[in-house]
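Close look at the chain arrangement
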Amino acid sequence: MTRTTTPTAAGTASFDFRGRVYLVTGASRRVGIGAGIARQLAAAAADLVLQSWSPHDAGQPWGEDSEGPASIAAECEAMGATVTQIAADFADPLAPAQVMQQAVSAHGHVDGVVANHARGMAGTLETIDAAELDLSFAVNARATALLVKEFAAQHDGRPGGRVVLFTSGQHRGGMPAELPYVLSKGAIQQMTASLAAHLAPRLITVNCVNPGPTDTGWADEAGERWVRERMPQGRWGRPDDAANLVLWLLSDQAQWVCGQTIDSEGGFSR
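Here we summarise the structure given alongside this text.

Procedures and definitions
- Residues numbered from 1 in each chain as written.
- Predicted model: local features only at pLDDT ≥ 70, side-chain atom pairs only at ≥ 80, totals over all residues.
- Heavy atoms only, no water.
- Helix = DSSP H or I, 4+ residues; strand = E, 2+ residues; numbered from the N terminus.
- Rg over C-alpha atoms; globule rule 2.2 N^0.38 Å.
- Buried < 20%, exposed > 50% of the residue type's maximum accessible area, 1.4 Å probe, protein only.
- Contact = heavy atoms within 4.5 Å.
- Areas by Shrake-Rupley, 256 points an atom, 1.4 Å probe, with all protein chains shown as cover.
- Lys, Arg positive; Asp, Glu negative; His and termini not counted.
- Charge placed at Lys NZ, Arg CZ, Asp CG, Glu CD.

1. Some thoughts on the overall build of the chain
Looking only at helices and strands, the chain features eight helices and nine strands. Radius of gyration (C-alpha) of the chain: 17 Å, near the 18 Å computed for a compact globule of 270 residues. Here the C-alpha coordinates of the chain stretch approximately 55 × 35 × 35 Å along the principal axes. For the chain, with 270 residues in total, the buried portion stands at 52%. Sequence-distant contacts, at least 24 apart, represent 77% of the contacts inside the chain between residues at least 6 apart. On the chain, roughly 11,900 Å² of surface is accessible, and the fraction owed to carbon and sulfur atoms is 54%. For the chain, the separation between the mean place of its 20 positive charges and that of its 28 negative charges on side chains is 6 Å.

The structure is reproduced here in structure tokens:
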């Protein structure tokens, strides 16, 4: 099939990832950041492996998008992408290796990983317990580290090796009502520089994105208003805002950017 880049909701795709394959985790909800990244990559002629785990969403206030994973994959396929869709629970310590094995089996090689998945869970110092802390660490931090391990093991040294991790804003201000999330997301930010130093000699870059408050349907009315009042541009972040940055980090233009945590928050003032 002849592939051409096509316009996205954010504008015309400016990157050409023809012949490259990217694993994007957390692509389960059509309004989510993972979906936005997947769409933009497909528009830029990439092929995709999309991981999702909808049962997590089903237990959250925002709920499950039951048709989300299939719909996201279908949208990307309509743009010409070859898409492999994998449902996998990263609470399972074997899941990262299994996902990468399926990706390599389907596509032969993976050029980059966008570790967008997250277990979001509220909890204060008074309410946290060991079980939730362990589960949040397992999904957010442990699975991310193991995915990078498996990605690096299969990477054969071709140009364009990329890892993009996702953290939150815990390093910029307190988030005391979300301790399980904060602790595990903080670990992702802290592992970035060490993973980058280890993989840079192989020309694999590792960077981390803090996308700031992003409108993916998770906030209630009071929370939406509180954030919007602190956004100097007068709006929340959108999935395409995060996707724009991720695509640049995956591109050849970003080869010299390595080991960084990039706060892309639209000037959000805590």
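2. A closer look at unusual backbone geometry
Backbone geometry at Ala45 places phi at a positive 80 degrees, although glycine is not the residue there. Of note, the phi angle at Leu203 is positive, near 60 degrees, even though the residue is not glycine. For Leu203, the location among the structural elements is in the loop between α6 (179–199) and β8 (205–210).

3. Quick notes on the environment of Val164
Residue placement: Val164 occurs in strand β7 (residues 162–166). With 83 residues separating them along the chain, Val164 and Leu247 place their C-alpha atoms 9.6 Å apart. Ignoring sequence-local partners within four residues, the contact set of Val164 consists of Val113, Val114, Ala115, Asn207, Val209, Val246, Leu249 and Leu250.

Don't take any of this as a statement about function, it's just geometry.
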